[in-house]
Amino acid sequence: MTAQLETRIDVDHLVRRTRSVGMNRAQDRRRAVVDPDNRRRPGRLGLRRRIPYAGAVGPLALLAVWVVGSALHWIDLRSLSAPWTVVATAGELISDGRLQENLATSSWRALTGLALGIVLGVVLALISGLSRLGEALLDGPIQLKRAIPSLALLPLLILWLGIGEPMKVTTITLGVFVPIYLHTHNGLRSIDSRYVELAETVGLRRSEFVRHVVLPGALPGFLMGLRFAVTGAWLALVVVEQINSTSGIGYMMELARTYGQTDIIIVGLVLYGTLGYSSDLLVRLVQRKALSWRQTFAD
Amino acid sequence: MATDVRGLVEGSARDLGDRLAVDVVGLTRRYQDRVILDQVDLQIAGGEFVALLGRSGSGKTTLLKALAGLDYDVSGEGQLRVADSISVVFQDSRLLPWRRVLGNVTLGLRTQAGPGQSSEDRGLLSLAEVGLAGRERAWPTQLSGGEQQRVALARSLVREPQLLLADEPFGALDALTRMKMHVLLRRLCAAHKPAVLLVTHDVDEAIVLADRVIVLDQGKITTEVSVDLPAPRRAADPAFADIRQHLLRSLGIEETHA
Ligand SMILES: Nc1ncnc2c1ncn2[C@@H]1O[C@H](COP(=O)(O)OP(=O)(O)OP(=O)(O)O)[C@@H](O)[C@H]1O
Ligand SMILES: [Mg+2]
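All values reported here derive from a predicted model rather than from experimental measurement. (Residues numbered from 1 in each chain as written. Chains lettered and ligands numbered in written order. Predicted model: local features only at pLDDT ≥ 70, side-chain atom pairs only at ≥ 80, totals over all residues. Heavy atoms only, no water.)

## As for the site of ligand 1
Residues and elements named next belong to chain B. Lining the immediate environment of ligand 1, one finds 14 residues, of which Arg 34, Ser 56, Lys 60, Thr 61 and Thr 62 sit closest. One of the backbone N or O atoms of Gly 57 is found 2.8 Å from an oxygen atom in ligand 1. With respect to ligand 1, the side chain of His 201 contributes an N or O atom lying 3.0 Å from an oxygen atom. Here the shell around ligand 1 gets three residues from one element, more than from any other, and that element is helix 3 (residues 60-68). When the residues that make up the shell around ligand 1 are grouped by side-chain class, the tally is two nonpolar, eight polar and four charged. (Near = heavy atom within 4 Å. Polar contact = N/O pair within 3.5 Å; in protein donor to acceptor, adjacent residues only side chain to side chain. Helix = DSSP H or I, 4+ residues; strand = E, 2+ residues; numbered from the N terminus. Nonpolar A, V, L, I, M, F, W, Y, C, P; charged D, E, K, R; others polar.)

Structure, rendered in structure tokens:
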């Protein structure tokens, strides 16, 4: 009886208790479910055990609200289409191939801009992080650029590059490289000077120093920057696609607006959201894998 | 009046011959007109184990950094000749957290042309020597403080240095672990025969380990004691107690018998 009560209240406690008392098979099975790694639970000030699929909980709750709200007509269907209408529309868009086509165009823009921005940001961060002259030359202008929103540069970019793909990719690149630069540079500069001393005593060459100390040391910063960059790339995409565009998800949505088709707009929004969110999840996964040497508060 | 003393180190190995690992004459170091080292002379023979004692702030680390060539932007002068291959063990183990244990041991290790042993093999042997065989794939944060310091020792010794400089390498360890580390260090030094300069706060540690103990005070070496006790050295030995009392007095502490 007491044991069952405790199960509901604090399974971990039970696991620890049974360990000292000895376990029968039923408890053993329960323990296998609760505590697969047989690890102790974290300390008093650490976070509690991970919730499985924690990232999906919030979005699913939001979806539930939308479904229930539409079904009970709390939501005006002219302002916001019902989920099933959106799903049906998405089905049509997929079957006639418009969705894939626009998605491919948009993804190409975002990924190209992202890739160029990452390379640019990392190269600039290395130059300015490893040389005083580089820092003197680069850091100021980049901080200035940071203060100017990419969108404010759009008129100038359109004048220079026209309204074609180069302008779109450049806008995304300019939005992406700044967070990459800032966080990588910061990560690089905050590498413990004691590691530099160590590198000297073991006689590392400059190239080895960069490879074994600087790059891994700046990696946490870089990955943090990457998260901002990925989100930023999709954001910039939205803007450039709604200006003078003839393809892409943004164009599809802009067209739908003129006909008042909220279902297509929502398909676009969901696409943007899914793309942005899943790429952020991907970066976080990379972060966890690449930084497995770190023991942090959230682990 | 900053003199680049490192210029004098060049070609040192030939000049040193095979007798001296450290030959320092009139070494002076100051931080903003505060003289930290004042005309220090110090010779350490090849294979000799020297312990350096001194009050906090007496300039032990400053001397060690000068020998290791790590004192940039420090003004001073003097003649400084040290062995070519130097390894440093720091008070913190200073392992790169993003490299596994083996990667830390072999960091910057160059394989000599000739014997067909990779740096990985040498690293593994060195880890086995400090009793950490099988832990080569661990991350540094997964090791205890004593284990981390043993990895740092392995990293130093795998380079077969002529001179090992150690700045309070066991300062952060508990007494029991420290005693184990003493035994380990003695064994490793007997096997590899580097000259050693060990900075420590612990008078007993100095007497247990060293062939010679020197005391740094007010920028000068004020006391020098040869320790000629048979192994194993025990604090209960009256000769041990004599040396200890002498050293404590030179550090400005009168031993009180309770
Ligand atoms: N970078 C620096 N700039 C200015 N003063 C310094 C610097 N490094 C050390 N000093 C001073 O030089 C003196 C000697 O320092 P050092 O680190 O050599 O002492 P130490 O003998 O190693 O002390 P401890 O036993 O506490 O480690 C100290 O008074 C310290 O304040
Ligand atoms: Mg010191």
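So that's the structure; there's more coming.
## Some points on the side chain of Ser279(A)
All names here are of chain A. Mapped onto the elements of the fold, Ser 279 is located in helix 13 (residues 262-290). On the accessibility criterion, Ser 279 (16% relative accessible area) is buried. Within the structure, Ser 279 has its side chain in polar contact with the side chain of Trp 234 (distance 3.0 Å). In contact with Ser 279, not counting residues within four places along its chain, are Val 230, Trp 234 and Thr 274. (Buried < 20%, exposed > 50% of the residue type's maximum accessible area, 1.4 Å probe, protein only. Contact = heavy atoms within 4.5 Å.)

## Considerations on the pattern of salt bridges
Taken as a whole, this structure holds 25 salt bridges over all chains when the rule is applied. Between Arg29(B) and Asp71(B) there is a salt bridge, with its nearest N and O atoms 2.6 Å apart. Taken as a pair, Arg29(B) in strand 1 (residues 20-31) and Asp71(B) in the loop between helix 3 and strand 4 (75-82) lie far apart in primary sequence, 42 residues in all. Asp71(B) matches Arg29(B) in its accessibility class, with the two residues each being buried. In this structure, Glu48(B) engages Arg212(B) in a salt bridge whose closest nitrogen and oxygen atoms are separated by 2.7 Å. Taken as a pair, Glu48(B) in the loop between strand 2 (34-45) and strand 3 (49-54) and Arg212(B) in strand 8 (residues 212-217) lie far apart in primary sequence, 164 residues in all. With relative accessibility at 10%, the residue Arg212(B) sits in the buried group. Connected through shared salt-bridge partners, Asp192(A), Arg194(A), Glu197(A), Lys65(B), Asp92(B) and Arg94(B) make up one network. (Salt bridge = Lys/Arg side-chain N within 4 Å of Asp/Glu carboxyl O.)

## Some points on the interface of chain A and chain B
Residue-level contacts link 18 residues of chain A with 20 residues of chain B. The junction of chain A with chain B conceals about 1,900 Å² of combined surface from both sides, 61% of it contributed by carbon and sulfur atoms. Where chain A meets chain B, there are four salt bridges. Here Arg110(B) ties to Glu208(A) by a salt bridge, and the two come within 2.9 Å at their closest N and O atoms. For the interface between chain A and chain B, the tally reads nine residue pairs in polar contact (both at pLDDT 80 or more). Residue contributions to the side of chain A that touches chain B peak at six residues, all from helix 10 (residues 193-201) of chain A. Grouping the constituent residues of the side of chain A that touches chain B by class yields seven nonpolar, six polar and five charged. (Buried area = accessible area lost by both parts, 1.4 Å probe.)

## A few points about the sheet that holds strand 2 of chain B
Within a beta sheet, neighbouring strands are joined by backbone hydrogen bonds and run either parallel or antiparallel to one another. All names here are of chain B. The strand order across the open sheet formed by three strands is 2-1-4, and the pairing between neighbours is antiparallel. Two strands lie at the open edges of the sheet, namely strand 2 and strand 4, each paired on one side alone. Strand after strand, the sheet turns through a mean of 5 degrees between neighbouring axes, direction not considered. With seven bridges connecting them, strand 1 and strand 4 associate as antiparallel partners. Considered in strand 4, the bridge of Val 24 is made with Leu 80. Packed onto the sheet, helix 3 meets strand 1, strand 2 and strand 4 and runs at close to 120 degrees relative to strand 1. (Pairing = 2+ DSSP bridges. Axes fitted to C-alpha atoms, helices over the stretch in contact; angles between N-to-C directions.)

## Describing the packing of helix 6 (residues 98-130) of chain A against helix 13 of chain A
Residue and element names in this part refer to chain A. Two numbers describe how helix 6 lies on helix 13: the axes approach to 12 Å, and their chain directions differ by 45 degrees. Considering their axes alone, helix 6 and helix 13 lie oblique with respect to each other. Helix 13 is crossed by helix 6, and the crossing has right-handed handedness. Here Arg 98, Leu 99 and Leu 103 of helix 6 lie close against helix 13, whose contacting residues are Ile 264, Val 267, Leu 271 and Leu 275. Its residues assigned to classes, the contact of helix 6 with helix 13 shows six nonpolar, no polar and one charged. (Parallel < 35°, antiparallel > 145°, perpendicular 65-115°, else oblique. Left-handed = near helix turned anticlockwise from the far one by under 90°.)

## Side note on the packing of aromatic side chains
Where two aromatic rings form a pair, the distance of their centres and the angle of their planes describe that pair. Within this structure, the stated rule accounts for two aromatic pairs over all chains. For the ring pair Tyr195(A) and Trp98(B), a centre distance of 5.6 Å and an interplane angle of 75 degrees mean the geometry is edge-to-face. Here Trp98(B) lies in the loop between strand 5 (86-89) and helix 4 (101-105) and Tyr195(A) lies in helix 10, a pairing that spans two chains. Residues Tyr195(A) and Trp98(B) agree in their burial class; the two are buried. Put simply, the rings of Tyr195(A), Trp293(A) and Trp98(B) pair up and form one aromatic cluster. Geometry around Tyr195(A) places Arg194(A) over its ring, the cationic atom sitting 5.9 Å from the centre. Between the NZ or CZ atom of Arg100(B) and the centre of the ring of Trp139(B), over which it lies, the distance is 4.1 Å. (Phe/Tyr/Trp six-rings, centres within 6.5 Å; stacked < 30°, edge-to-face > 60°. Lys NZ or Arg CZ within 6 Å of the ring centre and 35° of its normal.)

## Some points on a nonpolar patch on the surface
Residues and elements named next belong to chain A. Taken together, Leu 60, Leu 63, Val 67, Val 68, Leu 72, Trp 74 and Trp 84 make up a surface patch of nonpolar side chains, about 730 Å² in accessible area. The element contributing the most residues to the nonpolar patch is helix 4 (residues 54-71), with four residues. Within the fold, Val 68 resides in helix 4. Look at Val 68 and you get partly exposed, because its relative accessible area is 40%. (Patch = residues over 30% accessible without salt bridge, like charges linked within 9 Å, V, L, I, M, F, W, Y side chains within 5 Å. Areas by Shrake-Rupley, 256 points an atom, 1.4 Å probe, with all protein chains shown as cover.)

On their own, these measurements won't tell you what the molecule is for.
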